[in-house]
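The residues making up each chain are set out below.
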Amino acid sequence: MLRRLFWSGRASRRVRDRLLYGSRSWKENARMSDNIVGCLQKLTCEFCQRADDRPEKYGERRTYEDYNLTVHYYCVLMSSGIWQRGEDEEGFYGFLPEDIQKEINRAARLKCAICKKKGASIGCVASRCKRSYHFPCGVERGCIFQFRENFPSYCWKHRPTQKRSPTSNGSSQCTICLELVEHAPSYNILASPCCKNAWFHRDCLQCQALSAGVFFFRCPVCNNKEKFQNEMLRMGLHIPERDASWELEENAYQDLLQCYQHCDINICLCENGRNYNEPDSKWEIKRCQYCGSSGTHLACSSLTSWEQNWECIECRTILAKSTGNCQKWRKRSRSMPENTDIGDSLLEEPSPKCPRQSPGSHLGFLVRSPKICPSGFTQCSQLDLPSSNNRLISPSSVISPSVRNLTLRKTQLVVQQRKVSNILRELRSQINTKRTRLNINRRNIWDSALKGFQKRSFNPANTIEVKYINCRTKTHMDSSKGDFFLLLIRHLQNSSLFEGDSSKILSFDSQALKDNLYYEAGKMIAVSLVHGGPSPSFFSKTLFDCLVYGTENVKPTIEDVADVTVLQTIEKIKSARTLSSLESAISDCSEYLAIAGCLKPVTALHDKDALVNEILNYHVIKRTLLPFESFRQGLKTLGVLEKMQMNPDAFCSILCHKPEKLTAKLLGDLFAIHCVPGADKARSLDFWMGYLQETEGGESAVTLEDILVFATGIRDIPPIGFDPEPAVKFLHIKYPVGKRRLNCLELPITKSYEKFKRIMDCTIRSTLRLESEVH
């Protein structure tokens, strides 16, 4: 009873001490209790006299209280005088406790040849070798223990070795840990028996063997199993006879058994929510027959029966573009009667609230011909067609490799842009509710912004409010801070702080350096990114790499040079075909080369390459080291530079690449739709989507960017996203209104599409023209 209370931990410390020590003082009791617990935690193996509990190295450690016995499994397994007389579930995996005790008594008379202590139960099986040793001592000394047949062991003098190939020289990467490994077989370095020049660390292979087990352990290079396992067993690796660790994990693959159960239609009609699924009813969820990663309720689509196939808009768009039908599928009806069903044209847009899963691979695609609606206009790609219009096309026949590669690059860029959005939202958590107002003059955006940023009271972690001053129209009073950051980033892009065409590097402006403007520019960009401003997207790859990896690790290119004189100097040196012409070119620009520290004698024509690299390094990097360091310090604001260095690919997508091109679908998903009670929401929504698609097709007086500016104040979706989320409200008003502080677009409810389009074109165009005139 006493032992059970002690080990279960249910007895309090005071009660346990009283039971164990009687009337001793509580301090003595506590001290003795700690000593006993410490001793129990340091139970040593009876063979090797070590308390290490490292199953991956010495095997499982087990204690038998009835026998007062603690042993390591490998110490028992490799002992020379013991055999498994029990079943696997008896004793210590077949080794009975009484047999283990007998082996301990036998080993107590044997001295270890390595540590010189008693208990050496393992002997070398080589004839005439009398060496005995403990298992841990043997491992440290380089003995080989073979986990097969009779479990023989070999001392460091007689252990099996691998032959060295005469062609194996130098070093290569261990394909498991990716560290360098010398091509010299030894105890710690093993060569693959099935692959030439495949070398591994023993510890790496042992860890992989313990994880993979006998069924999955194979050559990491060629996947050979039998030959590789036999050689590794010969060289002393332990390959457990069990399944792989990832196969033993409970419910490890449970996610693969789940089907996608979510309605992605833009307007879900189910009152029980998008995740509701009732089989054999109109609320049963039908998945896309191609990707399987989007779905719809039968009632939310134009499907009339479960037997019909359904495709998501993404899959259809890819097929439409591949067959040249993209322009046809963009067309929408210019007007629609009130009793006309909107069908899938408005419903099959994916919900922006539900992230998509990765699409699966399929053997074929179904291409549909566009459907003509009663009004005579071609309906957009969301409408389903009868099976008679279907034709099966192989993916390889409709998507060329160049298109596939371009699509892949664009997809990767979009993925990185979404990743940076999450990072910036994480940085935005630093922003507090205390407000800082910036009074901005649109006619002098730089000076007024600089004045606000340089104030001692300015704190980048405060919520920023922008108020435009000296404005002659009321339009500017509702401008958002996104509009301010857009104007500020444009000014920086075209300022004397940077040079270059579309991809810019830092210039050297001595007055700007003196006024600390490079620091302020870096701070403004960092604040803009975290507070919801647009992507700068004008950094050159060289400038970005210098910020992330350091100037000493970057090699500039000739594309980074914007100075015409320097370009002519470089081209003149590069075009030299003889040593004399090279010397002449150097002589012509000797003054500049002397200033750059590149004026050196040349002895051969190939010296021009090194000279060009020195000129590039001076002009792009060395010349601008002081501005660069100041700019870099500014980017540290709010932790932006640190996140850039931790996630270079993600930030490169917004600093060196243009934002994702706006499309009708993108804007349609961006705005949440609201409508006054009693209005025909379906018709109003159809007018809105039709207007977006005609604008994308160039059939409107404005652009998609103009619409976004009218509603939010900026031309592109900011990297961090909008806050608050953009919304469209259909109201009983005469003209559309853009409330930029709320990212809200209020639209009139009209009876015809022609009137809706005319009002939208006129209002947006006149408002933006007036703003540009005032600016």
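Residues numbered from 1 in each chain as written. Predicted model: local features only at pLDDT ≥ 70, side-chain atom pairs only at ≥ 80, totals over all residues. Heavy atoms only, no water.

Enquirer: Help me understand the overall build of the protein in this model?
Expert: For the protein, the helix and strand inventory stands at 31 helices and 22 strands. Burial statistics for the protein: of 775 residues in total, 47% are counted as buried. Summing over all exposed atoms, the protein offers an accessible surface of approximately 41000 Å²; the carbon and sulfur share of this is 50%. (Helix = DSSP H or I, 4+ residues; strand = E, 2+ residues; numbered from the N terminus. Buried < 20%, exposed > 50% of the residue type's maximum accessible area, 1.4 Å probe, protein only. Areas by Shrake-Rupley, 256 points an atom, 1.4 Å probe, with all protein chains shown as cover.)

Enquirer: Is there a simple way to explain the layout of surface pockets in this structure?
Expert: Empty space among the atoms becomes visible once a probe the size of a water molecule is rolled across them. In this model, the second largest pocket occupies a volume close to 700 Å³. In terms of lining, the second largest pocket is formed by 23 residues, of which the most central are Tyr73, His238, Ile239, Pro240 and Glu241. Within the lining of the second largest pocket, the residues separate by chemical class into 12 nonpolar, five polar and six charged. (1 Å grid on protein atoms, 1.4 Å probe; cavity = no way out; pocket = protein on both sides within 12 Å on 5 of 7 lines; lining within 4 Å. Points joined across faces, edges and corners; volume = space filled by probe spheres on them. Nonpolar A, V, L, I, M, F, W, Y, C, P; charged D, E, K, R; others polar.)

Enquirer: When you look at the pairing of strand β15 (residues 435–441) in this model, what are you seeing that I'm missing?
Expert: Looking along a regular strand, one sees side chains alternate from face to face of the sheet. Two strands pair when backbone bridges link them, and β15 and strand β16 (residues 463–469) are joined in this way by seven bridges, in the parallel orientation. Opposite Leu438, over in β16, you have Val466 as the bridge partner. (Pairing = 2+ DSSP bridges.)

Enquirer: I tried to follow the pattern of salt bridges on my own but got confused; where do I start?
Expert: Summed over all chains, the structure comprises 19 salt bridges. Of the charged contacts in the structure, one is a salt bridge between Glu499 and Arg623, with a shortest N-O distance of 3.2 Å. You can see Glu499 sitting in strand β17 (residues 498–499) and its partner Arg623 sitting in the loop between α24 (607–620) and α25 (625–635), a full 124 residues away along the chain. (Salt bridge = Lys/Arg side-chain N within 4 Å of Asp/Glu carboxyl O.)

Enquirer: Help me out: how do you make sense of the nonpolar core in this one?
Expert: Nonpolar side chains in soluble globular proteins tend to be buried together. If you look at the biggest cluster of nonpolar residues, it comprises 79 residues, and the most contacted ones within it are Phe484, Phe539, Leu547, Phe631, Met644, Phe651 and Leu655. Looking at this core element by element, the count peaks at nine residues for helix α19 (residues 517–530). Setting aside residues no more than four positions away along its own chain, Phe651 makes contact with Val420, Ile423, Leu424, Phe544, Val640, Lys643 and Met644. Residues Cys48, Tyr73, Phe92 and Cys112 belong to the second largest nonpolar core, which totals 33 residues. (Core = buried A, V, L, I, M, F, W, Y, C linked by side-chain atoms within 4.5 Å. Contact = heavy atoms within 4.5 Å.)

Enquirer: Is there a simple way to explain the packing of aromatic side chains in this structure?
Expert: Here the distance between the centres and the angle between the planes together describe a pair of aromatic rings. Here the structure, examined in full by the defined rule, presents 24 aromatic pairs. For the ring pair Phe539 and Phe631, a centre distance of 6.0 Å and an interplane angle of 55 degrees mean the geometry is tilted. Of this pair, Phe539 sits in the loop between α19 and α20 (541–549) while Phe631 is found in helix α25, placing the two residues 92 residues apart along the sequence. Chaining the aromatic ring pairs together yields one cluster made of Tyr58, Tyr64, Tyr73, Tyr74, Phe92, Tyr93, Tyr133, Phe135, Phe145 and Phe147. Sitting above the plane of the Trp156 ring, Arg131 keeps its charged end 5.0 Å from the centroid. (Phe/Tyr/Trp six-rings, centres within 6.5 Å; stacked < 30°, edge-to-face > 60°. Lys NZ or Arg CZ within 6 Å of the ring centre and 35° of its normal.)

Enquirer: Looking at this structure, I do not really get the sheet that holds strand β21 (residues 737–739). What am I missing?
Expert: Sheets are built from strands paired through backbone hydrogen bonds, the pairs being either parallel or antiparallel. Spatial ordering of the open sheet is given by β19-β20-β22-β21, a layout of four strands whose pairing is mixed. Taken across any chain shown, the strands that pair with only one partner, and hence form the sheet edges, are β19 (672–675) and β21. Averaged over all pairs of adjacent strands, the angle between their axes in this sheet comes to 20 degrees, without regard to strand direction. Pairing of strand β20 (residues 727–731) with strand β22 (residues 744–748) involves five bridges; the strand directions are parallel. Residue pairing in the sheet places Val728 in a bridge with Leu745 of β22. (Axes fitted to C-alpha atoms, helices over the stretch in contact; angles between N-to-C directions.)

Enquirer: Got a minute to help me understand the side chain of Ser535 in this structure?
Expert: Within the secondary structure, Ser535 is located in the loop between α19 and α20. If sequence neighbours within four positions are ignored, Ser535 has contacts with Ile489, Ile654, Pro659 and Pro719.

Enquirer: Would you take a moment to explain a negative patch on the surface for this structure?
Expert: A grouping of Glu87, Asp88, Glu89 and Glu90 is seen on the molecular surface, where their side chains present a negatively charged patch. Mapped onto the secondary structure, Glu90 falls in the loop between α5 (73–77) and α6 (97–107). Taking relative accessible area as the criterion, Glu90 reaches 37% and is therefore assigned partly exposed. (Patch = residues over 30% accessible without salt bridge, like charges linked within 9 Å, V, L, I, M, F, W, Y side chains within 5 Å. Lys, Arg positive; Asp, Glu negative; His and termini not counted. Charge placed at Lys NZ, Arg CZ, Asp CG, Glu CD.)

Enquirer: Help me understand the environment of Glu614, please; the structure alone is not making it clear to me.
Expert: Mapped onto the elements, Glu614 comes out in helix α24. Under the relative-accessibility criterion, Glu614 is labelled partly exposed at 29%. Separated by 21 residues in sequence, Glu614 and Leu593 place their C-alpha atoms 9.7 Å apart. Non-local contacts of Glu614, meaning those with residues more than four positions away in its chain, are made with Gly597, Cys598 and Lys600.

Enquirer: What should I look at first to understand empty space enclosed by the protein in this one?
Expert: Enumeration over the complete set of coordinates arrives at four cavities of 30 Å³ or more. Considered as a void within the structure, the largest cavity measures approximately 80 Å³ in volume. Contributions of two or more residues to the lining of the largest cavity are made by β18 (505–506) and α20. Here the element with the most residues in the lining of the largest cavity is α20; it accounts for three residues. Residue composition of the lining of the largest cavity, grouped by class: seven nonpolar, three polar and no charged.

Enquirer: Looking at this model, I keep getting lost on helix α22 (residues 579–588). Mind explaining?
Expert: Residue pairs three or four apart in sequence face the same way in an α-helix, which turns once every 3.6 residues. Buried within α22 are the following residues: Leu582, Ala585 and Ile586. Along α22, the residues classed as buried sweep out an arc of 100 degrees about the axis, all on the same side. Opposite its buried face, α22 presents the exposed residues Ser580 and Asp588, each directed more than 90 degrees away. Where α22 is buried, its residues contact α21 (564–574), α23 (590–596) and α24. (Arc of directions from axis to C-beta.)

Enquirer: What am I meant to see in unusual backbone geometry here?
Expert: Geometrically, the link from Asp723 to Pro724 is a cis peptide bond, its omega value of 5 degrees lying close to zero. Structurally, Pro724 is set in the loop between α30 (704–712) and β20. Its identity is not glycine, yet Tyr93 carries a phi of approximately 50 degrees, on the positive side. Assignment of secondary structure puts Tyr93 in the loop between α5 and α6. A positive phi angle is found at Asn516, which is not glycine, with a value near 65 degrees. For Asn516, the position within the fold is in the loop between α18 (510–514) and α19. Exposure remark for Asn516: the relative accessible area of 34% places this residue in the partly exposed category.

Enquirer: Would you mind showing me how to read the environment of Gly94 here?
Expert: The topology assignment puts Gly94 in the loop between α5 and α6. Sequence separation between Gly94 and Gln84 is 10 residues; the distance between their C-alpha atoms is 5.0 Å. Among residues more than four places away in sequence, those in contact with Gly94 are Gln84, Arg85, Gly86, Glu87 and Asp88.

Enquirer: Even after reading the chapter, I still don't get the packing of α21 against α24, so can you show me in this structure?
Expert: A pair of packed helices can be characterised by two numbers: the angle between their axes and the separation between those axes. Two elements in contact, α21 and α24, have axes whose closest approach is 9 Å; the angle formed by their N-to-C orientations is 165 degrees. With respect to each other, α21 and α24 are oriented roughly antiparallel. The element α21 and its partner α24 pack so that their crossing is left-handed. For the pair α21 and α24, contact is made by Val566, Ile570, Ile573 and Lys574 and by Lys608, Leu611, Val612, Ile615, Leu616 and His619, respectively. In terms of residue class, the contact of α21 with α24 is made up of seven nonpolar, one polar and two charged. (Parallel < 35°, antiparallel > 145°, perpendicular 65-115°, else oblique. Left-handed = near helix turned anticlockwise from the far one by under 90°.)

Enquirer: What's the story with the environment of Cys315 in this structure? I'm lost.
Expert: For Cys315, the position within the fold is in helix α11 (residues 313–322). For Cys315, a relative accessible area of 10% corresponds to the buried category. Each C-alpha atom, one on Cys315 and one on Cys291, is 7.5 Å from the other, the two residues being 24 residues apart in sequence. When residues no more than four places from it in sequence are discounted, the contact partners of Cys315 are Cys288, Tyr290 and Cys291.

Enquirer: Would you explain the confidence of the model for the protein in this entry?
Expert: If pLDDT is low for a region, its predicted coordinates should not be looked at in detail. Averaged over all residues, the pLDDT of the protein is 79; the fraction at 70 or higher stands at 79%. In the model, residues 324–400 has pLDDT below 50 throughout and makes 175 contacts with residues more than four positions away in sequence or in other chains. Ignoring residues within four places in sequence, the model shows residues 473–478, a span with pLDDT below 50, making 17 contacts including any to other chains. (pLDDT = per-residue confidence, 0-100.)

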